[in-house]
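Coordinate analysis (summary)
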Protein chains: 12
Amino acid sequence: MYVVKSPLADADLKTVSEALQGALVDLVDLSLAGKQIHWNIVGPRFRSVHLQLDEVVASARTHSDTVAERASALGIPPDGRASTVASGSGIKTTPSGWIKDGDAVGAMVDALGAVIGRMRERVRATAEPDPVTQDIFIRITADLEKHHWMFQAENA
Amino acid sequence: MYVVKSPLADADLKTVSEALQGALVDLVDLSLAGKQIHWNIVGPRFRSVHLQLDEVVASARTHSDTVAERASALGIPPDGRASTVASGSGIKTTPSGWIKDGDAVGAMVDALGAVIGRMRERVRATAEPDPVTQDIFIRITADLEKHHWMFQAENA
Amino acid sequence: MYVVKSPLADADLKTVSEALQGALVDLVDLSLAGKQIHWNIVGPRFRSVHLQLDEVVASARTHSDTVAERASALGIPPDGRASTVASGSGIKTTPSGWIKDGDAVGAMVDALGAVIGRMRERVRATAEPDPVTQDIFIRITADLEKHHWMFQAENA
Amino acid sequence: MYVVKSPLADADLKTVSEALQGALVDLVDLSLAGKQIHWNIVGPRFRSVHLQLDEVVASARTHSDTVAERASALGIPPDGRASTVASGSGIKTTPSGWIKDGDAVGAMVDALGAVIGRMRERVRATAEPDPVTQDIFIRITADLEKHHWMFQAENA
Amino acid sequence: MYVVKSPLADADLKTVSEALQGALVDLVDLSLAGKQIHWNIVGPRFRSVHLQLDEVVASARTHSDTVAERASALGIPPDGRASTVASGSGIKTTPSGWIKDGDAVGAMVDALGAVIGRMRERVRATAEPDPVTQDIFIRITADLEKHHWMFQAENA
Amino acid sequence: MYVVKSPLADADLKTVSEALQGALVDLVDLSLAGKQIHWNIVGPRFRSVHLQLDEVVASARTHSDTVAERASALGIPPDGRASTVASGSGIKTTPSGWIKDGDAVGAMVDALGAVIGRMRERVRATAEPDPVTQDIFIRITADLEKHHWMFQAENA
Amino acid sequence: MYVVKSPLADADLKTVSEALQGALVDLVDLSLAGKQIHWNIVGPRFRSVHLQLDEVVASARTHSDTVAERASALGIPPDGRASTVASGSGIKTTPSGWIKDGDAVGAMVDALGAVIGRMRERVRATAEPDPVTQDIFIRITADLEKHHWMFQAENA
Amino acid sequence: MYVVKSPLADADLKTVSEALQGALVDLVDLSLAGKQIHWNIVGPRFRSVHLQLDEVVASARTHSDTVAERASALGIPPDGRASTVASGSGIKTTPSGWIKDGDAVGAMVDALGAVIGRMRERVRATAEPDPVTQDIFIRITADLEKHHWMFQAENA
Amino acid sequence: MYVVKSPLADADLKTVSEALQGALVDLVDLSLAGKQIHWNIVGPRFRSVHLQLDEVVASARTHSDTVAERASALGIPPDGRASTVASGSGIKTTPSGWIKDGDAVGAMVDALGAVIGRMRERVRATAEPDPVTQDIFIRITADLEKHHWMFQAENA
Amino acid sequence: MYVVKSPLADADLKTVSEALQGALVDLVDLSLAGKQIHWNIVGPRFRSVHLQLDEVVASARTHSDTVAERASALGIPPDGRASTVASGSGIKTTPSGWIKDGDAVGAMVDALGAVIGRMRERVRATAEPDPVTQDIFIRITADLEKHHWMFQAENA
Amino acid sequence: MYVVKSPLADADLKTVSEALQGALVDLVDLSLAGKQIHWNIVGPRFRSVHLQLDEVVASARTHSDTVAERASALGIPPDGRASTVASGSGIKTTPSGWIKDGDAVGAMVDALGAVIGRMRERVRATAEPDPVTQDIFIRITADLEKHHWMFQAENA
Amino acid sequence: MYVVKSPLADADLKTVSEALQGALVDLVDLSLAGKQIHWNIVGPRFRSVHLQLDEVVASARTHSDTVAERASALGIPPDGRASTVASGSGIKTTPSGWIKDGDAVGAMVDALGAVIGRMRERVRATAEPDPVTQDIFIRITADLEKHHWMFQAENA
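Sequence order sets the numbering: in each chain, residues are counted from 1 along the sequence as written. Lettering of chains starts at A and numbering of ligands starts at 1, both following the order in which they are written. Note on the predicted model: pLDDT of at least 70 is required for a residue's local features to be given, and 80 or more for side-chain atom pairs to be given and counted; whole-chain, interface and lining totals, by contrast, use all residues. Hydrogens and water are ignored here; the side-chain numbers use all heavy atoms of the structure.

Under an unreviewed UniProt entry, the name given to chain A is DNA starvation/stationary phase protection protein, and the source organism is Streptomyces misionensis. UniProt positions are given in the numbering used here, feature names are shortened, and annotations may be inferred rather than shown by experiment. Looking at chain A in UniProt, the text filed under Sequence similarities (unreviewed entry) is "Belongs to the Dps family."

**Some words on the overall build of chain A**
By the criteria applied, helices consist of DSSP H or I runs no shorter than four residues and strands consist of E runs no shorter than two, each listed in order from the N terminus. Within chain A, the regular secondary structure consists of 5 helices and 2 strands. Mapped in sequence order, the helices and strands of chain A form the string α-β-α-α-β-α-α. Taking 15 Å as the expected radius of gyration for a compact globule of 156 residues, we find that chain A reaches 16 Å, a close match to that expectation. Along the three orthogonal principal directions, the C-alpha set of chain A runs to about 55 × 30 × 20 Å. In chain A, which comprises 156 residues, the share counted as buried stands at 67%. Restricting the contact set of chain A to residue pairs at least 6 apart, pairs at least 24 apart contribute 84%. Carbon and sulfur atoms provide 53% of the accessible area of chain A, an area that totals close to 5000 Å². Taking the average location of the 16 positive side-chain charges in chain A and that of its 20 negative ones, the two points are 3 Å from each other. With C-alpha atoms as the basis for the radius of gyration, the globule rule is written as 2.2 Å multiplied by the number of residues raised to the power 0.38. Each residue gets one of three labels from its accessible area relative to the maximum for its type: buried under 20%, exposed over 50%, partly exposed in between, using a 1.4 Å probe on protein chains only. Residues are treated as being in contact if the distance between any of their heavy atoms lies within 4.5 Å. Residue-level accessible areas treat just the shown protein chains as cover; the underlying method is Shrake-Rupley with a 1.4 Å probe. Asp and Glu are treated as the negative residues and Lys and Arg as the positive ones, with His and the ends of the chain left uncounted. By convention, charge coordinates are those of NZ in Lys, CZ in Arg, CG in Asp, or CD in Glu.

**Description of the interface of chain A and chain J**
Every contact between the two is made by 13 residues of chain A and, on the other side, 15 residues of chain J. A simple way to read buried area is as the amount of 1.4 Å-probe accessible surface that goes missing from two parts once joined, with both sides added. The contact between chain A and chain J buries some 1200 Å² in all, and 63% of this surface belongs to carbon and sulfur atoms. We define a salt bridge as a contact between a side-chain nitrogen of Lys or Arg and a carboxyl oxygen of Asp or Glu at a distance within 4 Å. Linking chain A to chain J there are 3 salt bridges. Pairs of N or O atoms within 3.5 Å make up the polar contacts considered here, provided that, within protein, one atom can donate a hydrogen while the other can accept it, and that residues adjacent in sequence are counted only when both atoms are side-chain atoms. The tally of links from chain A across to chain J stands at 4 residue pairs in polar contact (both at pLDDT 80 or more). Elements represented by at least two residues in the side of chain A that touches chain J include exactly α4 (101-126) and α5 (131-154) of chain A. A per-element tally of the side of chain A that touches chain J places α5(A) first, with 10 residues.

**Some remarks on the interface of chain B and chain A**
Contacts between the two partners involve 37 residues from chain B and, on the opposite side, 37 residues from chain A. Counting each side, the surface lost to burial between chain B and chain A is near 2800 Å², with a carbon and sulfur contribution of 64%. Contact with chain A buries surface across chain B, with B:Trp39, B:Arg81 and B:Trp98 losing the most and accounting together for 29% of the total. Taken together, the links from chain B to chain A amount to 2 salt bridges. Residue A:Lys35 pairs with B:Asp65 through a salt bridge whose shortest N-O separation is 2.6 Å. Inspection of the chain B/chain A interface yields 16 residue pairs in polar contact (both at pLDDT 80 or more).

**Observations regarding the environment of K:Gly97**
Here K:Gly97 is to be found in the loop between α3 (82-88) and β2 (99-100). Separated by 23 residues in the primary sequence, K:Gly97 and K:Leu74 have C-alpha atoms spaced 40 Å apart.

**A word on the packing of aromatic side chains**
Only centres within 6.5 Å qualify two rings of Phe, Tyr or Trp (six-membered ring in Trp) as a pair; their planes then separate them into stacked at under 30 degrees, edge-to-face at over 60, and tilted for everything else. Overall, the coordinates contain 12 aromatic pairs over all chains when judged by the stated rule. Considering the side-chain rings of H:Trp149 and J:Phe46, the 5.7 Å spacing of their centres and the 70° angle between planes classify their relative orientation as edge-to-face. Pair noted here: H:Trp149 is in helix α5 (residues 131-154) and J:Phe46 is in helix α2 (residues 46-73), and the two residues belong to different chains. J:Phe46 shares its class with H:Trp149; the two are buried.

**Points about the relation of the copies chain A and chain J**
A least-squares superposition brings the copies together, and it is based on the C-alpha atoms of residues with pLDDT no lower than 70 in both. Overlay of chain A on chain J (RMSD 0.0 Å): rotation 120°, translation along the axis 0.1 Å. Those values place the two copies in the arrangement expected of a three-fold rotation axis. Among all C-alpha atoms of chain A, that of A:Asp135 lies closest to the rotation axis, at 4.8 Å. Looking at chain A, a mere 15% of its interface residues are interface residues in chain J too, so the copies touch through different faces.

**Things to note about the pattern of salt bridges**
Following the criterion strictly, the structure yields 192 salt bridges over all chains and no others. Between A:Lys35 and A:Asp54 there is a salt bridge, with the nearest N and O atoms lying 2.9 Å from each other. Here the residue A:Lys35 occupies a position in helix α1 (residues 10-40), and A:Asp54 occupies one in helix α2 (residues 46-73), the gap between them amounting to 19 residues. For A:Lys35, a relative accessible area of 9% gives the class buried. Across the salt bridge formed by C:Arg122 and C:Asp26, the nearest N and O atoms sit 3.2 Å from each other.

Encoded structure:
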């Protein structure tokens, strides 16, 4: 059932739908991974990285909301439940237990790198079928790449 | 390894540790379930419930942070990762796809009811080993029961 | 009819219910008494006490809302109507007409003292049946005793 | 005793005094009735009306303060105690216990209608003896009639 | 006369100019239609839709300002007068008089749908001649489609 | 159909109704005219008048909302649609295209003068049938006359 | 020379003009007298009255601005220069040097009483020629009478 | 009588006392002159200078308060009454009636120049007897010289 | 002399009194020690720890105020003077002079650990005689243990 | 050395890198030129243009930060040092000394025109290699063109 | 060891160092004394003086931070520990236990007087060796003398 | 040409003029150097120093504005253009490319040290000719020395 009438043709809608659902799962998992490390980090850089992680979490939460509501606006019911996230995320398993600050930064570099790679795919995939959705992905990518730089600079 | 020296005896620590980890999983899942329904709800009460759900999400996020940092403060590394949440949550499966407003309210009544039941257990279990942790659970329970009333009043 | 499903057993609910209804009546009356004196006070300390009374009124209004919504959250419909307050309040009759500043302070010491006495009873009565409600009473008592001290210090 | 020297002649003062005291009682009762329904309302429109009622309560509290301080400014000690309100209010008895949303709206339409009718009388009565007081009643009436429209529109 | 020197070639300017003027007229009319319904809506969902409409009006006003100033920045004097709006808007006649809440929502779904259809045309038309203007249309479309979804969800 | 029960007698209602509908049309047009000139003004005083015009627009929007909601509160459905405004406004046609700063100021002096003249009529007309509505017109007139002075002083 | 075209007939303008100029002088002097006492007060009530006086000064400054700009809006150049104020004020000479708190309060009761008496005259005088100006005087009078009451209550 | 015990020797106190009293009179008159021109200015630069004058008035009011309270802190009762200001100010008579914008700017250049000249004298005079007071004069001079530059730049 | 009438029995009052006075001394010293290290810390983590210490200081100041006012509210005059703090604090001597960042963190771990140990004693001691005071100690302990964890994590 | 791993291929990176470095230099120089004229402008429009220039400076500073951090995010160390700016800016030499308001506006029209021309080149150049960077240039261009219009309108 | 390279010669540094350390001790003790009396004051002026004392405490805390960080900036490790304050303060012993409002004011007059006397010495002593530090002392002195006046005025 | 009439004699003006122009160049370069390092820093202390540098930039921008406007206020046109800064700054060349955190801190210590040395010269040079300008330099020096300490402490 399409509750919301989509302004897109069916073929376009399919492409855009997969891109949005994939982005949603990645972004929700990014927020969970960020919090996980925020709580478990130890080491001399504890406070600095602890605070920096909350900025990533805030970004990821805002972006996931934008993406999910974009899906709804196009007539696609988004799925951001824990099990969907656990099985479909592009982030490889976040480590459990205490984590040293250098490793914490490394884990975030990896997680952000994985999401950015997939997000750039989505920018390409949606250019034709829906430039409005593409614009959202472009801005999210810009923001994630900024976080990515900062964590890389931390470990340089 | 205990990075943080706990002020509690080992037996007490075990009880408190399980209570905190359980509460963390419930609260993270509550925030994900709240968002899931926030994005998928339809029907005449859409706007009202859509806004109300974001207040539950905000509460659940704040409480999950308090609980996880309490665990860390006691020397227990908290685990709030997607897979841990997916397998351990006290909330039964959140429905996927569009959801009518009445059903959305019903789903939240059930989810909150499940979490409150387990939270009251934790209030009892931690009274003796750590009144500081218990006080945190008491305040979270009061807040969740207020949300619970409001959703019940919605469907009365 | 129980609109809201209570997490408490029936006997416990009865005790908690009476405590909450009694507290509501006391706090609404405290807000009315505070305003009454706020408007009618005269004397050299007029401005100082006039402002201080509005802080008591603000406290009493906030606490009465917390108490009434706690009752609702437990499935008990609260009653804060003028006639219920007029007949059930623990505050003895507030004087009418202009009131000298010293007498105004004295009237507030008495009013707060009466409410605090009854509130401490409620802390004791609810400890067993519902520690969540008790915690609310404990925090209200702490706040009222702070106001009580300040008015006593005024007339020392 | 006249603590405050009134700028009005005695006959005028009597008229204005009765109008102000009557308005005070009505407005305090409106704030209590608004809260009573705010706490006890149930039904699908719960949240929307619950919030709307708090706006009426805020209006009524602000207006009652303006009216009472106007009385004091004219040398008339105002009386806003629970028993005075219970016996003198123009609002018919507010229902107790849970109240369905449609009935809640209806009760507010009646309460506001009753107060507006009396307030328009006071606008007429004070035009000659004190245009300053009349201006206060005019602005209160405009605000109450706006709330009145909104509740009527709710039940249309 | 070109007061402001345009950075665009003449052919491009013509295309962009028509797109901007058309968008301006649609957006001004959307703000007027939104207010018209905001004032005339009745029914149980009155308050919720009444508030939601003011968010559409705020969006439409902001977007119309952005579009008109973009026209000026390109050397095109914008025209947002009542008669121009009345004759050129893409929104079909807004109904007059009281309007039931369900019909109000339906009218907004239609109005937003009409404007979105034309706005997507403008996104396509301006891609080549002026990507700066296109970017503005893309962001406006995203926002309007979000409002569109919400009103559709309301009537689902 | 009267959705909202009017507190006025029928003859009074007719007078007040015409005054409110006329004021609404004038004020909506004033906001559109102010924006039109805000976007098209050129000349050395550009920035100063550009900003000043937005203050007139803000005033006109606020007043039109007050007037329309007053109409609704009296049971009169207000009409602020583009075509109604285009045909019924008291402002003579606003010029199109770029406009020199001195002419822009002159156009606003004329527009405000026209609206003020009609508004003072409405103050007189509503004095008897509804002093509450009259009070709203009085306050709007005071504000418009202040803007009128400022534009006249600009061109002195 | 009339820079600003007045909406009033000449005879009316003369009455209103005198009322506005008189009010301006009284209000500027009230702000200077309030500051004079604010700086020179001594005694146990120093802090309380010191702060209260700044509220009178803030009121008087706001009202003097409203009155002077109303005069300008009617085409009457206002005169608020020190010498004009010194010679024309309705307040009798403010005392110089240190002033005991009780005397400070008494001086303000007298100053406010003098200004209120003259302001009520102006309310009467402007009712017919300009209800817009009258409304401004009514609101100023209400505010001054509130301050008057408070200082009287201080010395009761 | 010395209510406040001065930390200065008698000879020093006399010098500092005269400097503070003179500065107070100049600054109060500057605030009155600024407002006088703020209300009476006409011409194309009306709005710009009208706003700029309010910044001078705000500065002058703040500085006069600082200076008067400094006098009190040294045991010198300040005198800022209208008649004292009218007879002792260093600003030559402010013009009455409408004033063209260029003349308005010129009048402020003169007024500020006069006050600055006297203030620099006071900086010199107080260097030895009280560096604390001197520091206050230095900061006031810096601020007045900034305003002075701006008005001179306006008329360049 | 008991200025404030205590709601506690004499034996209970003695226990609670000692707990409150002890907590006050510990918390004031914690704020002084935090500032001391805030000013003297050097090393690569300077900025991060410098900022973190101000959060401890802010916490300690807020808690010391709560504790002291609770003592007053129970009729016990609190003593927070420098000499009382110097002789009675539970924190061992804070080092003087420049302090390396790692040592600074270590000093705070020790200071917080000492205060937490004593605070948990107070939680136990006051449970019976005054649950209101106990609740204050519980919340302070939760906050201190959170700071304690963070400093431990810094040095892990 | 590449500290930050770039998501772009080498050829693309070269194009994007030159565009970002060029934009950085232009934007830093725009902020310096804006401040230079902000400080040196004289003439009747002094205040208006003085304030307007600070808005350009604020824009230029924000955009230069965005551009430089985008470079870093792509692994390109940005260079915004004074000598690099002095030699590489696209703005022709800013005049020194006092500058009349009309000339000041003209200088800004030229400076903005020069930067806009180069920025539109960059929009074209980066479309293919990096749409994320292009999006940043598009938004900066829109903002600069708005400032450009305003200065042109000033001198019309 | 000098961690921070001082811009002052050794002899100058010694003078400035002693002045800063002395000022730090006085200001920390002033903040403790202010709080001590804030908590223990009783009498009719309780509320007024209670609030006023918190303003002194806030001033003293801010100034002590400024002074300590100035010391650090000059390479002097500041010492603000409880025992250093207890033994080196210029304030004579603050009384313990309840204190009547008049005595409280007197105690503050004495404490402020003592600190001001020593601070004026420091202004003199640092004029030559470091005008930057002197400027800080001058501003602190001005602020303390303002508080001093106010407490003296209270007891006049 | 002197647009602005200087309150200083010619010889004094020359000294003050050179001091202000020199300070301006140093402060603008400090803001550019701060940003350069802010963008290029890498290493474990990245985030901490990255944020700290923005505080230096904010200080430098505010101080450069104060200094340039002080020059204008004295009739001296300030010169803050890129080429003037590049050739006249007291800061030795800022390094280009990525910079390790320790080196970044060292570069700021050097840059601040160089500017402070020159600023202390200006404090001496302007003491006689213009104490108002000197006071500005004193406050800037205090602020720069605080930043200097913090960076030195970072590298201790």
